[in-house]
Amino acid sequence: MATTDTATTDTEEPTLTVDELAARAGVTVRTVRFYSTRGLLPPPVIGPRRVGHYGPEHLSRLALIEELQHHGMTLSAIERYLRQLPPGLSADDLAIHRALVASWAPDAPEEATREQLARRAGRPLSEEDIDRLAALNVLERTEDPDVLRIDPGVLHLGMRLLEVPIALETILAAHTVVLEHTRSAARELSRLFRDEVWGPDHEGGSGPSGAERVRAKKSLSAHMQPLVVQALVIAFQRSMKSELRGWYGQEDPEAPVSP
């Protein structure tokens, strides 16, 4: 995929101006400056002519702030949340935090024009880009060719995937693997939790009543869903680290010792 000169990755120097950062994040320049004065964003890197430059970490922080606001958190609460995060988190680390926050948010599709999406991407979007985002279930077309229905929960991820130099077929194959394994894990975990709430004899009619079961399921879901999501993310991160060590020929200290 072609990129503009202002595109950045975690390993590149910050090159986004405040106007470009605001456009990519879908906020106003005034909002960026306000968040900066509140300490919600780290200061930019000052370049020639005293121009501030921003990078992926700033973009990911803005996405995280937006997600926290969607959950009804006040700016003071968001400040406390961000202060509790470890220092030096990368854009990818912040994206994981945002995924954890967004994981139990209700689905609320929104509509956006191609021009609005282009500003979020930081460059014009081709038909191939739109096809790519549609294949990833980030958006779907509407009767109006200029209006697209987007899933705001995965829009930030989809925009980042546009810049990944991997074939669409490979990304879709990875998407399929993730869906298959997470659905399998969800089924098994649901079965375990159902047995915990209802007991092994619930099918025989000796368990709780229907209303009690509904209340129990809702209560269990509210308590367990964020914990399960965090457990899955942590387990996946550790597994990926183990695999990456194998790629680079490094010994995995967590691997079991052969007898």
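Since the model is a prediction, treat every value here as computed from it, not as a measurement.

Enquirer: Would you mind going over the pairing of strand S5 (residues 147-150) with me for this structure?
Expert: Walk down a regular strand and you will see the side chains alternate between the two sheet faces. In terms of strand pairing, strand S3 (residues 110-113) meets S5 through four bridges, oriented antiparallel. Counterpart to Glu111 in the pairing with S5 is Arg149. Sheet topology places strand S4 (residues 139-141) next to S5; three bridges connect them, and they run antiparallel. What sits directly across from Glu140, in S5, is Arg149.

Enquirer: Help me understand the sheet that holds S5, please; the structure alone is not making it clear to me.
Expert: The strands making up a sheet associate through backbone hydrogen bonding, with each pair oriented either parallel or antiparallel. Spatial strand order, S3-S5-S4: three strands in an open sheet with antiparallel pairing. Strands with a single pairing partner mark the edges of an open sheet, and in this sheet they are S3 and S4. Strand-to-strand, the axes of this sheet are offset by a mean angle of 35 degrees, without reference to chain direction. Against the sheet, helix H6 (residues 114-121) engages S3, S4 and S5, with an angle of about 85 degrees to S3.

Enquirer: Before we go on, may I ask you to explain the side chain of Arg132 in this structure?
Expert: Among the secondary structure elements, Arg132 is positioned in helix H7 (residues 127-135). Buried Arg132, no salt bridge; nearest opposite-charge side chain is Glu128, N-O distance 5.2 Å. Separated by 2.8 Å, the side chain of Arg132 and the backbone oxygen of Ile166 make a polar contact.

Enquirer: What should I look at first to understand the packing of aromatic side chains in this one?
Expert: Working definition: an aromatic ring pair is given by the centre-to-centre distance plus the angle between the planes. Under the criterion given, the structure shown has one aromatic pair. Ring plane angle 45 degrees and centroid distance 6.2 Å describe the contact between Phe34 and Tyr35, whose orientation is recorded as tilted. We classify Phe34 as partly exposed; its relative accessible area is 38%.

Enquirer: Can you walk me through the pattern of salt bridges in this structure?
Expert: Side chains that carry opposite charge are capable of pairing whenever their charged atoms lie near each other. Considering all chains together, one arrives at ten salt bridges under this definition. We note a salt bridge from Arg123 to Asp129, for which the minimum N-O separation is 2.9 Å. With a relative accessible area of 2%, Asp129 lands in the buried category. A salt bridge links Arg141 to Asp131, with the shortest nitrogen-to-oxygen separation between them at 2.8 Å.

Enquirer: What exactly am I supposed to notice about the packing of helix H3 (residues 56-70) against helix H4 (residues 75-83) here?
Expert: The geometry of a pair of packed helices is captured by two quantities: the angle between their axes and the separation between those axes. H4 packs onto H3 with a crossing angle of 130 degrees between their chain directions and a minimal axis gap of 10 Å. Here H3 is positioned oblique relative to H4, judged by the angle of their axes. In this structure, H3 crosses over H4, and the sense of that crossing is right-handed. Every residue of H4 that contacts H3 at Arg61, Leu64, Ile65, Leu68 and Gln69 is listed here: Leu75, Ile78, Tyr81 and Leu82.

Basis of the calculations
Per chain, the residues get numbers from 1 upward, laid out in the order the sequence is written. Under the rules for a predicted model, residues below a pLDDT of 70 receive no local features and side-chain atom pairs below 80 are neither given nor counted, while totals for whole chains, interfaces and linings still include all residues. Only hydrogens and water are removed before side-chain values are computed, so all heavy atoms of the structure are retained for them. Criterion used throughout: strands pair if DSSP finds at least two bridges between them. Secondary structure elements follow DSSP: runs of H or I no shorter than four residues count as helices, runs of E no shorter than two count as strands, and numbering proceeds from the N terminus. Convention adopted: a line fitted to C-alpha atoms gives each axis, helices being fitted over their contacting stretch, and angles between N-to-C directions are expressed from 0 to 180 degrees. Contacts between residues were defined by any pair of non-hydrogen atoms, one from each residue, lying within 4.5 Å. Note on exposure labels: buried denotes an accessible area under 20% of the residue type's maximum, exposed denotes more than 50%, and partly exposed covers the range between, all computed with a 1.4 Å probe on protein chains only. Only four residue types enter the charge count, namely Lys and Arg as positive and Asp and Glu as negative; His and the chain termini do not. Think of a salt bridge as a Lys or Arg side-chain nitrogen and an Asp or Glu carboxyl oxygen that are within 4 Å of each other. Pairs of N or O atoms within 3.5 Å make up the polar contacts considered here, provided that, within protein, one atom can donate a hydrogen while the other can accept it, and that residues adjacent in sequence are counted only when both atoms are side-chain atoms. Any two rings among Phe, Tyr and Trp, with Trp reduced to its six-membered ring, count as a pair given centres within 6.5 Å; such a pair is stacked if its planes are under 30 degrees apart, edge-to-face if over 60, and tilted if neither. Roughly parallel covers angles under 35 degrees, roughly antiparallel covers those over 145, roughly perpendicular covers 65 to 115, and oblique covers all other angles. Should the near helix be turned anticlockwise from the far one by less than a right angle, the crossing is termed left-handed; should it be turned clockwise, right-handed.

Coordinates in, geometry out; function isn't part of it.
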